[in-house]
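Listed below, chain by chain, are the residues.
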Amino acid sequence: MEILIAKSAGFCFGVDQAVNKIEKLIAINQTLNVPKPLYTYGPIIHNPHVVDNLKKRHVNVIAKIEELPLVEKGTILIRSHGVTFQEMKEMKDAGFEVVDSTCPYVKKIHRIVQKASKEGHEIIIVGSKAHPEVVGISGWSLKPVQFIEELEDVDEIELEISKTYCVVAQTTFNHNLYEGILNKLQKKGIRVIINETICAATVERQIEANELSKRVTKMLVIGGKDSSNTRKLYEICKRQCKDTYYIETIEDLVLNVFTVNDIIGITAGASTPKNIIEEVISNVRNAEF
Ligand code: SF4
């Protein structure tokens, strides 16, 4: 059996930065006589094991802005997905210290959307409407925005020839699908301002997963079940390798599907901690036939 591991598997720069920041805040807290309450706004990453571990160390999740009056004042860390302008304002106005760990690539999209809407352009966000990153981005526009999730949505949204549309994509959106959507918009004769906002780390991870899954007999994609970038990786790999398995931890790994002749590919989403990846690799490596 051979195991091939994607170089790009695991935490991306933005997630790494947010996790390091919360660790620093915990360390500072431990030096205080009276520790400050620590929160993250939403789960810090889409990985329940990391979130549970933080909870054990007294870092709680504030799920929505309405919860602010119900909790003790303290420090809120904004995760890499970012938040809306209004949410940021309300946290500060309510007397919380805000540590902004929005990924710089997401922050850049906030600025694009804010500026373009100020200049009077229409805003189209390509991505999953309900994803926190997309919700956050939409909240930096000064006017209502439209969403495209699938190629077919281009025919559903309201488009006017006289207007200019500023188009941005969720950072983890599928690169090929974004190109297809942009082409379709342009073919309709719509004036579009195209922004390349898909994160290079995401593109690199998707390309590597695509190539790797062509060369293997079985493919493992590791990541939280709620992680949209992991799900996209799974879909990409599944197209190339029908025996692709989506696992969150070692517990989901069914070793008896492997045979001695298998070539096993392993990749992981941007929010998958190193220790989980290593545990999976070591279990696969030590599998007995
Ligand atoms: S995937 Fe890219 S944009 Fe998203 S948090 Fe990671 S580095 Fe930032």
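In short, a report on the structure. Keep in mind the model is a prediction, meaning the values are calculated, not measured. (Residues numbered from 1 in each chain as written. Predicted model: local features only at pLDDT ≥ 70, side-chain atom pairs only at ≥ 80, totals over all residues. Heavy atoms only, no water.)

## As for the environment of G224
- Considering the arrangement of structural elements, one finds G224 in the loop between β10 (218-222) and α9 (228-240).
- Between the C-alpha atoms of G224 and S271, which are 47 residues apart in sequence, the distance is 7.5 Å.
- Excluding its chain neighbours within four sequence positions, the residues that come into contact with G224 are H46, N47, T230, Y246 and E248. (Helix = DSSP H or I, 4+ residues; strand = E, 2+ residues; numbered from the N terminus. Contact = heavy atoms within 4.5 Å.)

## Here's the deal with the pattern of salt bridges
- Counting across every chain of the model gives 13 salt bridges.
- With its nearest N and O atoms 3.3 Å apart, the salt bridge here joins D100 to K107.
- Using a relative accessible area of 28% as the deciding quantity, one classes D100 as partly exposed.
- Among the ionic pairs, K184 bridges to D155, the shortest N-O distance being 3.0 Å. In this pair, K184 is assigned in helix α7 (residues 175-187) and D155 in helix α6 (residues 153-156), connecting sequence segments 29 residues apart.
- On the basis of relative accessibility, which here comes to 25%, the residue K184 falls in the partly exposed class.
- Among the residues examined, D155 registers a relative accessible area of 43% and is labelled partly exposed.
- Put simply, D155, K184 and K188 are held in one network by salt bridges that share partners. (Salt bridge = Lys/Arg side-chain N within 4 Å of Asp/Glu carboxyl O. Buried < 20%, exposed > 50% of the residue type's maximum accessible area, 1.4 Å probe, protein only.)

## A word on the environment of G74
- Locating G74 in the fold gives a position in the loop between β3 (59-62) and β4 (75-78).
- Linking G74 and A200, residues 126 residues apart in sequence, is a C-alpha distance of 34 Å.
- Excluding residues that lie within four positions of it along the chain, G74 makes contacts with P37, Y39, F96 and E97.

## Some words on a negative patch on the surface
- A contiguous patch of negative charge on the surface is contributed by E149, E150, E152 and E156.
- Structurally, E150 can be placed in the loop between β7 (146-148) and α6. (Patch = residues over 30% accessible without salt bridge, like charges linked within 9 Å, V, L, I, M, F, W, Y side chains within 5 Å. Areas by Shrake-Rupley, 256 points an atom, 1.4 Å probe, with all protein chains shown as cover. Lys, Arg positive; Asp, Glu negative; His and termini not counted. Charge placed at Lys NZ, Arg CZ, Asp CG, Glu CD.)

## Notes on the sheet that holds strand β6 (residues 122-126)
- Here we have 4 strands laid out as an open sheet, ordered β7-β6-β8-β9, and parallel in their pairing. Either end of the sheet is taken by a strand with one partner, and the two such strands are β7 and β9 (191-194). The mean angle between the axes of side-by-side strands here comes to 30°, regardless of whether they run parallel or antiparallel.
- Note that β6 and β7 share 3 bridges and pair parallel. (Pairing = 2+ DSSP bridges. Axes fitted to C-alpha atoms, helices over the stretch in contact; angles between N-to-C directions.)

## So, the sheet that holds β3
- Overall, parallel pairing links the 4 strands, which are arranged β3-β2-β4-β5 in an open sheet. The open sheet has two edge strands, β3 and β5 (97-100), and neither has a second partner. Shown here is a sheet whose adjacent strand axes are inclined to one another by a mean of 30°, direction ignored.
- Sheet topology places strand β2 (residues 38-41) next to β3; 4 bridges connect them, and they run parallel. Counterpart to T40 in the pairing with β3 is V61.

## Side note on the site of the ligand
- Close to the ligand lie C12, G14, S80, C103, Y105, T171, C199 and T202, which account for all nearby residues.
- The residue makeup of the shell around the ligand, split by class, is 4 nonpolar, 4 polar and no charged. (Near = heavy atom within 4 Å. Nonpolar A, V, L, I, M, F, W, Y, C, P; charged D, E, K, R; others polar.)

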